[in-house]
Structure formats: structure tokens, C-alpha cells
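Observations on the three-dimensional arrangement
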Amino acid sequence: MKKNKYWETFRFGLIDENPIFKMILGICSALAVTNSVINTLTMTLAVIFVTATSSALISLIRDWIPKKVRMVVYVTIIATFVMVVDLLLKAMFPDISKALGPYVGLIITNCIIMGRAEAFASNNKVILSIIDGAGVAIGYGIILIFISVIRELLGFGTLLGYLIIPVQVPRMMIMIMAPGAFFTLGIVVWIARYWMYHRVSVNVDEVGREK
Amino acid sequence: MSDFSDFLKITFAAVFTGNIALTYFLGMCPFIAMSKSPATAFGMGAAVVFVMTVTCCINWIIYWQILVPTGTEHLQLLCFIASIAVIVQILELFIDRVSPVLYAAMGIFLPLITVNCAILGASLFMVLRKYSFLNTLGYGFGSGMGWAIALLAMSGVRSRINTSKLPPGLEGPAITMITAGIMAMAFTGLAGVM
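Residues numbered from 1 in each chain as written. Chains lettered and ligands numbered in written order. Predicted model: local features only at pLDDT ≥ 70, side-chain atom pairs only at ≥ 80, totals over all residues. Heavy atoms only, no water.

On to the overall build of chain B, then. Summing up its helical and strand segments, chain B has nine helices and zero strands in all. Ordered by position in the sequence, the α and β elements of chain B form the string α-α-α-α-α-α-α-α-α. The principal-axis extent of the C-alpha atoms belonging to chain B is close to 60 × 45 × 30 Å. By residue count, 51% of the 194 residues in chain B fall in the buried class. Put simply, 79% of the contacts in chain B that link residues at least 6 apart link residues at least 24 apart. Approximately 8,500 Å² of chain B is accessible, and the part contributed by carbon and sulfur atoms is 73%. Of the charged side chains in chain B, 8 are positive and 6 negative; the average position of the first set lies 12 Å away from that of the second. (Helix = DSSP H or I, 4+ residues; strand = E, 2+ residues; numbered from the N terminus. Buried < 20%, exposed > 50% of the residue type's maximum accessible area, 1.4 Å probe, protein only. Contact = heavy atoms within 4.5 Å. Areas by Shrake-Rupley, 256 points an atom, 1.4 Å probe, with all protein chains shown as cover. Lys, Arg positive; Asp, Glu negative; His and termini not counted. Charge placed at Lys NZ, Arg CZ, Asp CG, Glu CD.)

In C-alpha cells:
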């Protein structure tokens, strides 16, 4: 029973509350870093780390945070963990850190993390908050990796730097440029929403959907 | 003279070819949430132009005059986000006192701006590219303008999309994203002007 609750929380974050499909949150980095798989993997790990740790810390001190200044406290906590990740990347993987540029710092303003802090960690226990944060971040990361695989394969013809599509096949340069990111994400969201809409309408009568 | 032409070039690039919304994907959450109607888009756009210009300049001073001399550049993220939050708060109070009309137009958007990643992003880019103070002023203003123009254009397109029939699942964010892709292509085309 107890184990079930943890698994439910994780699954709920992973699928039902998937930040990209359901709430369209955190797409800045979903679009910006997905032109190569290795950058996306790094970004995903960073987001998972920051979401889980900041959820844990916020949940730990939730009773001492005055309601009025909670946003400032959350932002400070998140910024601290992002700084840790940023410095770690700079020291251990300078190349990837350079390629990601300011987007590591921009994890601070990734609405997913703030959203989890506000919606879940501020009134739940520590372990559950970690699981919830990690679940949402992993759900977010899976979509990011999926998009980056499509973009790198079509744009460079490679996966993680290894050549997959022979050089004779022309590359779709648009896929690694800005418009390609919008098109790929748009189509992925379209398919996902279509699928969810169908799945839901068979089982339950969901309120608030058009038609 | 060359300083001034640099200034113009950076401002132009920030508005069009390096558009912060369509090329660097910053501030996408409000971009999709706020582009439902031209009136909201205008208020949000004006607020962003204003805040981005001011925060870029102040963060430039904080970074180059305080953090670099004291050797604490690694605190930039924390300082920038704090200064943005403070500036937005002060601006809100200031506008409320000085011009109630302006406050009515963009007041409700100001609190949302603290978590708009375009604002923090512009400050980080400005440091990364080592702009001078004058160029930072141009960059901050240009980026804000670029974001506002993209938002206004998108809200115009969306008010037409609202009246047309779409396949299931495509309505809302998906079609907005694809439209943004087409707009991004148009903005990329302006690179030739440079």
C-alpha cells in the first residue's frame, strides 16, 4: 500500500501531469537545447537534479516559510541549486557547458520547478516531494530526448555524434535551426494531445475539453 | 562614430535576426499564454520592453562594477534574479504612483515578468557577449521590442485561427507552435539585411 502511493505519485507526475503536454510549461529549454542529443541529456539530468533537490528542501522547510514571501524563498533555493549545477558543468564538462550557454542558468526561470514547489512540495512530505519532482522532470526529459533524437537525426544525420544516415543523403538544415524546433515540438504536442483526447474520451467524460 | 553604428547594429539584430522569442526561444510560456488576444499582447509587450531595458542596464552595472572587481562572478545568477525581482517591484510601485493610466494598461503583467525567462536570458546574453554599456542599452531595448513584436504578430494570427476549424488535438498550443515556426522562418530571412 505504502509502496503504491509512491509509485502513483511518480506515475502521476510522469504521465498525467506531464509538463509539456498538459500545461505547456518549460518549453523554452525544450526548444533551445534539443538540437543535439548530448546537450539534451545534460540538460535533462540538470533539470531532474534541480527539481528533486529543490522540492526536497522546500518540503523540508515548508512550515517555516511565511506565505507572503514564499516566492522569493523558492526562487533563492532554486537559484542556489542551479548555481551548483552550473559550476559543476563548467568544471567537469567545459565543452557542453559552453554549448548550453545561458540555458543552464535559465533553469531558474523554468516554470516546471516553481510549479512543483508551489503545487506539491509546499504541502507534502519530503520523500513524496522528491518522487513527484523527479517524476515530472523525467517526464519532461523523455520528451526532450525524443525531440532531440528527431532533430539531430534529420539535421546532422547523427545520433550522439555517431553517423547514422549516410553522407550522400541531403541534410535538413531547417531541423537544427529555430523553425525546426517549433515544428517538431508542435507536431509532437499535436500527436500527444490527440492520443490523450482519444484515450480519455473512451474512459471518462472529462470536463472542459472542447467537443 | 563606429560606437554608434555598433549600437544600431546590435539593436537591429536584437529586434529582428536574433529575435529573443523566435531564435533563442526565451519567454515561450508567456508567449503562448498571452498571445490569445491583441489587447493583452500589447500590455504584456509594453511591460516587457520597459522592464528588459531597465534590468539589462542595472544588471550590467551590477556585473561589471560590483561582481567582477570583487571576483564573485559565480554569484551572477543569484544577483540577477534578485535584482530583477526588486526592479519589477519598484517599477510597479513607481508606475502606480506616477501614471494610473499606464498602471491600468500593464500593471497586472508586471508580477508575471519576474519569472519570464526572456528577461533573465537577456541579462545573461549581455554578459556572455561582453557588450559595452551603450550596447547593452540598445540590446535590452531591442530584445524587448523584438519579443513584443513577435507577441503582437502572433496574437493577430491567433485571433484568426480561433475562428477556423482545426483537426482534433491541434487546437491551442500545437498550432501556436507551428505558427511560431513559420514566423521564425520569416525572421531568419531578415539575416540578409545585415
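As a further point, take the interface of chain B and chain A. At the interface, 39 residues of chain B touch 40 residues of chain A. In total, about 3,200 Å² of surface goes out of reach between chain B and chain A, with carbon and sulfur atoms giving 84% of it. On the chain B side of the contact with chain A, Phe25, Leu77 and Met177 of chain B bury the most area, a combined 21% of that side's loss. Across the contact surface, chain B and chain A share zero salt bridges. There are one residue pair in polar contact (both at pLDDT 80 or more) connecting chain B and chain A. When contributions to the side of chain B that touches chain A are tallied by element, the ones reaching two or more residues are helix H2 (28–33), helix H4 (76–98), helix H7 (117–128) and helix H9 (173–189) of chain B. The greatest single-element share of the side of chain B that touches chain A, amounting to ten residues, is contributed by H9 of chain B. Split into classes, the residues belonging to the side of chain B that touches chain A amount to 29 nonpolar, eight polar and two charged. (Buried area = accessible area lost by both parts, 1.4 Å probe. Salt bridge = Lys/Arg side-chain N within 4 Å of Asp/Glu carboxyl O. Polar contact = N/O pair within 3.5 Å; in protein donor to acceptor, adjacent residues only side chain to side chain. Nonpolar A, V, L, I, M, F, W, Y, C, P; charged D, E, K, R; others polar.)

Here we come to the packing of helix H4 (residues 37–60) of chain A against helix H7 (residues 111–119) of chain A. Residues and elements named next belong to chain A. Between H4 and H7, whose axes approach to 10 Å, the crossing angle comes to 25°. The angle between the axes of H4 and H7 places the two elements in the roughly parallel class. Judged by the sense of rotation from one axis to the other, the crossing of H4 with H7 is right-handed. Across from Val50, Thr51, Ser54, Ser55 and Ile58 in H4, the residues of H7 making contact are Ile113, Arg116 and Ala117. (Axes fitted to C-alpha atoms, helices over the stretch in contact; angles between N-to-C directions. Parallel < 35°, antiparallel > 145°, perpendicular 65-115°, else oblique. Left-handed = near helix turned anticlockwise from the far one by under 90°.)

Moving on to unusual backbone geometry. Residue and element names in this part refer to chain B. One non-glycine residue, Phe25, lies in the positive phi region at around 55°. With respect to the helices and strands, Phe25 occurs in the loop between helix H1 (2–15) and H2. Under the relative-accessibility criterion, Phe25 is labelled buried at 5%. Notably, Lys130 is not glycine yet its phi reads approximately 55°, a positive angle. Relative to the helices and strands, Lys130 resides in the loop between H7 and helix H8 (133–161).

Another aspect to go through is the packing of aromatic side chains. Residues and elements named next belong to chain B. Per the stated rule, a full pass over the model turns up eleven aromatic pairs over all chains. Summarising the aromatic geometry, the rings of Tyr24 and Phe125 are spaced 4.8 Å apart at their centres and angled 55° between planes, so their arrangement reads as tilted. Taken together, the positions of Tyr24 in the loop between H1 and H2 and Phe125 in helix H7 put the pair 101 residues apart, joining distant regions of the chain. With relative accessibility at 5%, the residue Phe125 sits in the buried group. (Phe/Tyr/Trp six-rings, centres within 6.5 Å; stacked < 30°, edge-to-face > 60°.)

Right, let's talk about helix H5 (residues 70–92) of chain A for a bit. With 23 residues, H5 of chain A extends 33 Å from end C-alpha to end C-alpha; this agrees with the ideal 33 Å at 1.5 Å per step. Along H5 of chain A, the residues that are buried comprise Tyr74, Val75, Ile77, Ile78, Ala79, Phe81, Val82, Met83, Val85, Asp86 and Leu89 of chain A. (Expected span 1.5 Å × (residues − 1).)

Counting 106 residues, the largest nonpolar core has Ile107 and Phe182 of chain A together with Leu22, Phe31, Ile113, Tyr139 and Trp147 of chain B as the members making the most contacts within it. For this core, the element with the highest residue contribution is helix H3 (residues 38–67) of chain B, accounting for eleven residues. Setting aside residues up to four positions removed in sequence, Phe31 of chain B forms contacts with Ala21, Leu22, Trp147, Ala150, Leu151, Met154 and Ala180 of chain B. (Core = buried A, V, L, I, M, F, W, Y, C linked by side-chain atoms within 4.5 Å.)

Here the focus is the confidence of the model for chain A. Residue and element names in this part refer to chain A. Across chain A, pLDDT averages 79, with 87% of residues at or above 70. The secondary structure element of chain A with the lowest average pLDDT is helix H2 (residues 19–23), at 66, and the one with the highest is H4, at 89. Note on residues 201–211: pLDDT under 50 across the span, and nine contacts to partners over four residues away in sequence or across chains. (pLDDT = per-residue confidence, 0-100.)

Let us look at H4 of chain A. The terminal C-alpha atoms of H4 of chain A lie 34 Å apart, and with 24 residues this matches the ideal 34 Å at 1.5 Å per residue to within 8%. Where burial is concerned, most of H4 of chain A is hidden: 17 out of the 24 residues are buried.

On to the pattern of salt bridges. Residues and elements named next belong to chain A. Enumeration according to the criterion identifies two salt bridges over all chains in this entry. Between Lys90 and Asp86 there is a salt bridge whose closest N-O contact spans 3.5 Å. In this pair, Lys90 and Asp86 both sit in helix H5, four residues apart, roughly one turn of the helix. Take Asp86: its relative accessible area is 11%, and that puts it in the buried class. The residue Arg116 makes a salt bridge to Asp132 at a minimum N-O spacing of 3.0 Å. Here the residue Arg116 occupies a position in helix H7, and Asp132 occupies one in helix H8 (residues 126–155), the gap between them amounting to 16 residues. Exposure remark for Asp132: the relative accessible area of 1% places this residue in the buried category.

As a further point, take a nonpolar patch on the surface. Residue and element names in this part refer to chain A. Nonpolar side chains collect at one region of the surface, where Ile38, Leu41, Leu160 and Tyr162 lie side by side and expose about 400 Å² of accessible area between them. For Ile38, the position within the fold is in helix H4. Given a relative accessible area of 39%, Ile38 falls into the partly exposed group. (Patch = residues over 30% accessible without salt bridge, like charges linked within 9 Å, V, L, I, M, F, W, Y side chains within 5 Å.)

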